[in-house]
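Now for the letters of each chain:
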Amino acid sequence: MTDGTDEADQADRADQADRADRADEMDGTGGGTERTARARRLAAWHGAERTLTRGPAEVRIAERLAALTTALTADTASYGGDGWVDIYGDGIVEELERRVAELLGMEAAAFFPTGTMAQQVALRCWAGRTGSPVVALHPLSHLDMHERDAYLTVSGLRAVRPTSEPRPPTAEEIQGLDEPFGTLALELPLRDAGFVLPEWDELVAAVEAARERDAVVHFDGARLWECTAHFGRELPEIAALADSVYVSFYKSLGGLSGAALAGPETLVTEARAWRHRYGGQLFQQWPVALAALDGLDRELPRLPSYVAHARVVAEALRTAFTAAGLGWSRVHPEVPHTHQFQVWLPYPAAVLDEAGVRLAEETRTVLFRRWREPGPPGLAMTELTVASSALEWTADDVTAAVGAFLARVRELTEVREVMEVRELTEVREVTDGGR
């Protein structure tokens, strides 16, 4: 099985991926269509011998099937391999639901094919119970950024936003909202702000502020699994702060897909009815349930070690960027709150993408994957997930890989600058000749 990285979040980020999947091979550096460029990237990543962050995108179907088979045969009894395949969510799916409820300390849990559906059903159920269609959420939350306004267009809900700062909202900001709201939705961690988390006391205070406003609390806990190290609390204590919690099976656990909504038995029963209405009552889901159970057994116990090593990697990256004399660079947060964080560099995304592919092709080493420019042009960001493939990397390994990567970046930058000067010269010659 592969590490659960944010390559797996492609479905939720379809619009951004469409923009990112441009003709990212610069003129004179390979060319070709985006389909050709993507095939080249996947081949380079798949053929790498050392990779700092490994995603499922480069895994071949046969390899994924073999991993699932290995998981099943390794411990057939625990995964129900001797039982019958599920029909509309019984059997192994019910076992997965029981497992999640137990891990989170909740009364019950319901499996959903997607996290977006789980989120929308949760908000819809709470709106009916509180009598309020208003949801307090962050503008950088998954609900607002990556679900196509589903809470508005599908369920008729609307949002109020305690803050627009790139961090979780504070208790004061929640208390200060100038209109009532029925549900406070908190994303833990807040991914698009840099996988950031509040401190434990801040989270408790935010929840208490919502209660004082007579609101319920829903955790978008797609990545809740890896928050225990930062909070210094186990999953049941974290989940107990909320009335409902959504968790993902593929973002950190390396599953195929799927999610769960956990909470009181009465809420989960209602959620199952809405799941059916939303088209989420799939005929058979045993491969997804199998992969999720394997992730809970295999990846969940390892997440604290990934978080610890992410801090080593982040520090090594910062040191390497400074030593390389970059005019500006950033690792955000400086000390990662989870095993995921952002890296920012002062180059166009196309240059960094190409440098990464060349590094993989020429050295069979993968340092970064795709870059994008969510801010000013020429300033690019990538998200780094530290998982099992990164544990063998020392700080010195990171430093060496950064040096090799930046050498290729500079080569490409020089080529681009020469080409720009040449094009400008040609334009001037044409202009002068026409006078």
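- The name an unreviewed UniProt entry assigns to the protein chain is Threonine aldolase, from the organism Streptomyces iranensis.
- The Sequence similarities (unreviewed entry) comment attached to the protein chain in UniProt states, word for word, "Belongs to the threonine aldolase family."
- Quoted straight from UniProt, the Cofactor (unreviewed entry) entry for the protein chain says "pyridoxal 5'-phosphate".

1. Brief notes about the sheet that holds strand S9 (residues 330-332)
Inference 1: Strands sit in the order S9-S10-S12 across an open sheet of 3 strands; the sheet is antiparallel. Among the strands making up the open sheet, the edge pair consists of S9 and strand S12 (380-385). Taken pair by pair, the neighbouring strands of this sheet meet at an average axis angle of 25°, ignoring direction.
Inference 2: In the sheet, strand S10 (residues 340-345) pairs with S12 via 6 bridges, with the strands oriented antiparallel. Pairing of Trp-344 across the sheet is with Met-381, part of S12.
Inference 3: Docked against the sheet, helix H14 (residues 303-323) engages S9, S10 and S12, running at close to 10° with respect to S10.

2. Notes on the sheet that holds strand S2 (residues 108-112)
Inference 1: Across the sheet, which stays open at both edges, the 7 strands sit in the order S2-S8-S7-S6-S5-S3-S4 with mixed pairing between neighbours. Every interior strand has two partners, whereas the edge strands, S2 and strand S4 (158-160), have only one. Sheet twist, expressed as the average angle between the axes of neighbouring strands with direction ignored, equals 25°.
Inference 2: Strand contacts of helix H4 (residues 92-104): S2, strand S7 (244-248) and strand S8 (259-263), with the helix running at about 130° to S2, the strand carrying the most contacts.

Definitions and limits used
- Residues numbered from 1 in each chain as written.
- Predicted model: local features only at pLDDT ≥ 70, side-chain atom pairs only at ≥ 80, totals over all residues.
- Heavy atoms only, no water.
- UniProt positions renumbered as here; feature names shortened; annotations may be inferred.
- Pairing = 2+ DSSP bridges.
- Helix = DSSP H or I, 4+ residues; strand = E, 2+ residues; numbered from the N terminus.
- Axes fitted to C-alpha atoms, helices over the stretch in contact; angles between N-to-C directions.
- Contact = heavy atoms within 4.5 Å.

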